[in-house]
Structure formats: structure tokens, C-alpha cells
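# Fold and contact review
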There are 2 protein chains.
Amino acid sequence: MLDGQDMAAIYIERWNAAAEAGPAAPCPVRNVLDKIGDKWSMLLVMTLAAGPKRFNELHREVPDISQKMLTQTLRDLQRDGYVGRQVFDTKPPSVEYRLTPLGQSLIVPFGQLIEWANRSFDKIDAARADYDAR
Amino acid sequence: MLDGQDMAAIYIERWNAAAEAGPAAPCPVRNVLDKIGDKWSMLLVMTLAAGPKRFNELHREVPDISQKMLTQTLRDLQRDGYVGRQVFDTKPPSVEYRLTPLGQSLIVPFGQLIEWANRSFDKIDAARADYDAR
DNA sequence: GGTGAAGATTACCTTGAGGTAAGTGCATGC
DNA sequence: GCATGCACTTACCTCAAGGTAATCTTCACC
């Protein structure tokens, strides 16, 4: 089992390798982190964790997202292999999105992070209040 | 032990609660994810995982970052309680940054994610190549 | 023949993250 | 007395993420 510092080393190593290789070869870890940082990707992944959903069904469950961003985020997730898209030849055609095995495997470590965030956010809040008081 | 779907539920629940409460109360989970998504925060945290470092020492280890962003990112991390800042009254004064216990505790789940990213990036690459071929 | 749903695409605009470059105050080394 | 290192700060600029709103196509329904 690796500990925190080993993970740190992996990230830094990848980052530096990518930096040397130039902008053409972005850091693979950053690649994943960018997805996690963006506003909708992980919310959609988590919504799909409950099972496959259709386009408008997703839109109803995540009403804040615009149609444009829903389409675009789903395309990105599909391109990276997190989500599969299946068109059914009904009239009008319906489209179903579901997590791929890769997408499902992300839920495990990502979930740990959610759990940490959930456990820690009052400490963060306290730290902020403390900092802002000065 | 919670499974992936429970974590999903936590995130979605927090998100919706924040959405209802209005923009004044942002989602606590998003808060953490935003830090993870930004370009420098986690790279600095991981760099500090090896031990306390001074300002220019950090700058030397992460040469791509600008002074402005280094200062700003460190301030943000300090505000959220991830890093501590200690000034030594030497001449010229030297400043040391180190992870707090909170910062150290983040390394564990974040490290899991790094490990996942590291294991999975060739699958992602393959998915992209496949997608782009069409 | 007008309306509405499904699953998008397009043009346009705003905001903010992050980069560049220069300056600051102080002290030591040459 | 000039340059250099430390730890910043400030002004300015750029670019891309994401929002809004309108439009499209095909079919079913009334």
C-alpha cells in the first residue's frame, strides 16, 4: 500500500514529465483533475451513478445546467470513456446515457474525496472565519 | 463502509441544499472540488507533503508558477486551513509554509484519486483516440 | 395546420482565472 | 555603491469556461 507521500511523488513526477514534453503532452493526472474541477462533469457522473438516464431526465434531475452545457459535458465524458451513449430508434428517438466500467471505477476514489469533503467542511469553514477575522 | 452510490447521494444532496439556499451558501463539496480543480493548489499541497518549505524554495520546486499565483494560492490554502504560514524574524525575514493536520488528511483521499488517474489514463487515452477516430 | 416533446446546435456575451512585467523594502556580499 | 536574494504587491491583459436565448428536425396529437 502506498502512502500519501508516494502519491504526491506520482503527481509531481507526472507533472514534471509533462512540463518537459511541452504543451502538446498534458499531464495525465491534471487531465482527470480538470474533469473533477469543472462545474458539471462530476455532478453528472454522480447522477448517473444511480443508473442510466435519458437526456431530458438528466436535465430534470440537474435543472441548473443549461442544455448547451449538458450536451457539451456529456460529449466530453463520452470522449474520455466515462459515459456511454445509446440511441434507441423510437419516434422521436430517445437517447440513454450510462456510466461505463471506467466511469464506475472513478466513483470509488472520487467518493472517498466527497466523504472527506463532507467530513471536513466545518473545519474549513472555521479556518476561514478565523482567517477573515484577522 | 459506504459505497459509491452513497457518496453520490451525499454530493447531490449537498449540491441541491446549496442550490436552494441561494448563491450565498455555496456547496461545501464544490468548494473542495474547486481547490482540486485549480491549476496550482494541489500541486503545492503535494509539494508540501514532503515537508515544510520556504517561499522561494517552493518557487524553485514548481518553477512554472508565477510569483503572483504562488502568493495567491498559498493565501487561499492558508485561509481554508490547509497550510500554515510561519514568519521567522531573521534578516531578511524568512517565511515557512507547512501542511496543517487538515492539509495532511486531504492527502489520503486525494492520493487515492491520483493513483486512480495514474492507473486509468491509458484507458482514457484509448477512449479518446477511439472517439476521435469517428 | 398549429402545438409540443425529444435531443440537440448556434451565435453572442460576461466573468474571472491566470499570465506578464514591473516595482518595493531591506540586508548582505563584492 | 551596485547588484542580488527574499517575499511579496500592483497594474494590465488575454483567453476560455460557462451562461442566455434563439433555432432546428422529426414525429405525434388534437
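Attention in this report is confined to the structure presented alongside it. (Residues numbered from 1 in each chain as written. Chains lettered and ligands numbered in written order. Predicted model: local features only at pLDDT ≥ 70, side-chain atom pairs only at ≥ 80, totals over all residues. Heavy atoms only, no water.)

## Let's talk about the sheet that holds strand β2 (residues 83-88) of chain B
Residue and element names in this part refer to chain B. Strand order across the open sheet formed by three strands is β1-β3-β2, with antiparallel pairing between neighbours. If you trace the sheet from one side to the other, it starts and ends with β1 (53-54) and β2, each paired once. Here two bridges tie β1 to strand β3 (residues 94-99), and the two strands are oriented antiparallel to one another. Its bridge partner being in β3, lysine 53 is matched across the sheet by tyrosine 97. Here helix α3 (residues 41-48) sits on the sheet and contacts β1, β2 and β3; the angle it forms with β3, its principal contact strand, is near 95°. Sheet strands touched by helix α5 (residues 67-79): β2 and β3. Its angle to β2, the strand with the most contacts, is close to 115°. (Pairing = 2+ DSSP bridges. Helix = DSSP H or I, 4+ residues; strand = E, 2+ residues; numbered from the N terminus. Contact = heavy atoms within 4.5 Å. Axes fitted to C-alpha atoms, helices over the stretch in contact; angles between N-to-C directions.)

## Considerations on the protein's contact with DNA strand D
DNA strand D sits among 20 residues. The nearest are A:Lys68, B:Asn56, B:Gln67, B:Arg85 and B:Tyr97. One of the side-chain N or O atoms of A:Lys39 is found 2.9 Å from a phosphate oxygen in DNA strand D. Looking at which element gives the most residues to the surface near DNA strand D, the answer is α5(B), with four residues. Residue composition of the surface near DNA strand D, grouped by class: six nonpolar, five polar and nine charged. (Near = heavy atom within 4 Å. Polar contact = N/O pair within 3.5 Å; in protein donor to acceptor, adjacent residues only side chain to side chain. Nonpolar A, V, L, I, M, F, W, Y, C, P; charged D, E, K, R; others polar.)

## As for the sheet that holds strand β1 (residues 53-54) of chain A
Hydrogen bonds between backbone atoms are what pair the strands of a sheet, whose relative direction is either parallel or antiparallel. Across the sheet, three strands lie side by side as β1-β3-β2 (chain A); this open sheet has antiparallel pairing. A strand with exactly one partner marks an edge of an open sheet, and here the two such strands are β1 and β2 (83-88) of chain A.

## Digging into the protein's contact with DNA strand C
Among the 20 residues in the neighbourhood of DNA strand C, the closest are listed as A:Gln67, A:Arg85, A:Val95, A:Tyr97 and B:Lys68. By atom count, sugar and phosphate contribute 65% of the portion of DNA strand C lying within 4 Å of the protein. Here a phosphate oxygen of DNA strand C sits 2.8 Å away from a polar atom, N or O, in the main chain of A:Val95. At a separation of 3.2 Å, a phosphate oxygen of DNA strand C approaches a polar side-chain atom of B:Trp40. Those elements giving two or more residues to the surface near DNA strand C turn out to be α4 (55-61), α5 (67-79) and β3 (94-99) of chain A together with α5 of chain B. Counting residues per element, the surface near DNA strand C draws most heavily on α5(A), which supplies four residues. Broken down by class, the residue content of the surface near DNA strand C amounts to seven nonpolar, five polar and eight charged.

## Some points on the pairing of β2(B)
All names here are of chain B. Looking at chain direction, β2 and β3 are connected through six bridges and run antiparallel. Paired with valine 87 across the two strands is valine 95, which belongs to β3. Turn length for the β2-β3 hairpin, with the two strands adjacent in sequence and antiparallel, is five residues.

## Considerations on the relation of the copies chain A and chain B
With an RMSD of 0.0 Å, the fit of chain A onto chain B corresponds to turning through 180° and sliding 0.0 Å along the axis. Taken together, the turn and the small shift mark the pair as related by a two-fold rotation axis. The position closest to the rotation axis in chain A is occupied by the C-alpha of A:Gly37, lying 1.8 Å away. Here 100% of the interface residues in chain A have copies in chain B that are interface residues too; the copies meet face to matching face. (Least-squares fit on C-alpha atoms with pLDDT ≥ 70 in both.)

## Details of the side chain of B:Thr100
All names here are of chain B. Within the element layout of this structure, threonine 100 appears in the loop between β3 and α6 (101-132). Under the relative-accessibility criterion, threonine 100 is labelled buried at 19%. Excluding residues that lie within four positions of it along the chain, threonine 100 makes contacts with Gly81, Tyr82, Val83 and Gly84. (Buried < 20%, exposed > 50% of the residue type's maximum accessible area, 1.4 Å probe, protein only.)

## Brief notes about the interface of chain A and chain B
With 59 residues of chain A at the interface, the matching set in chain B holds 59 residues. Of the roughly 5,600 Å² buried at the junction of chain A and chain B (both faces included), carbon and sulfur atoms supply 69%. Among the residues of chain A in contact with chain B, A:Arg79, A:Trp116 and A:Arg128 are the three that bury the most area, contributing 13% of the side total. Where chain A touches chain B, the interface holds four salt bridges. The closest approach of N and O atoms between B:Arg79 and A:Asp132, which form a salt bridge, is 2.4 Å. The interface formed by chain A and chain B holds 16 residue pairs in polar contact (both at pLDDT 80 or more) in total. At the level of elements, α1 (4-21), α2 (28-37), α3 (41-48), α5 and α6 (101-132) of chain A are the ones that each hand at least two residues to the side of chain A that touches chain B. Per-element accounting of the side of chain A that touches chain B gives the leading share, 22 residues, to α6(A). A class-by-class count of the residues in the side of chain A that touches chain B yields 34 nonpolar, twelve polar and 13 charged. (Buried area = accessible area lost by both parts, 1.4 Å probe. Salt bridge = Lys/Arg side-chain N within 4 Å of Asp/Glu carboxyl O.)

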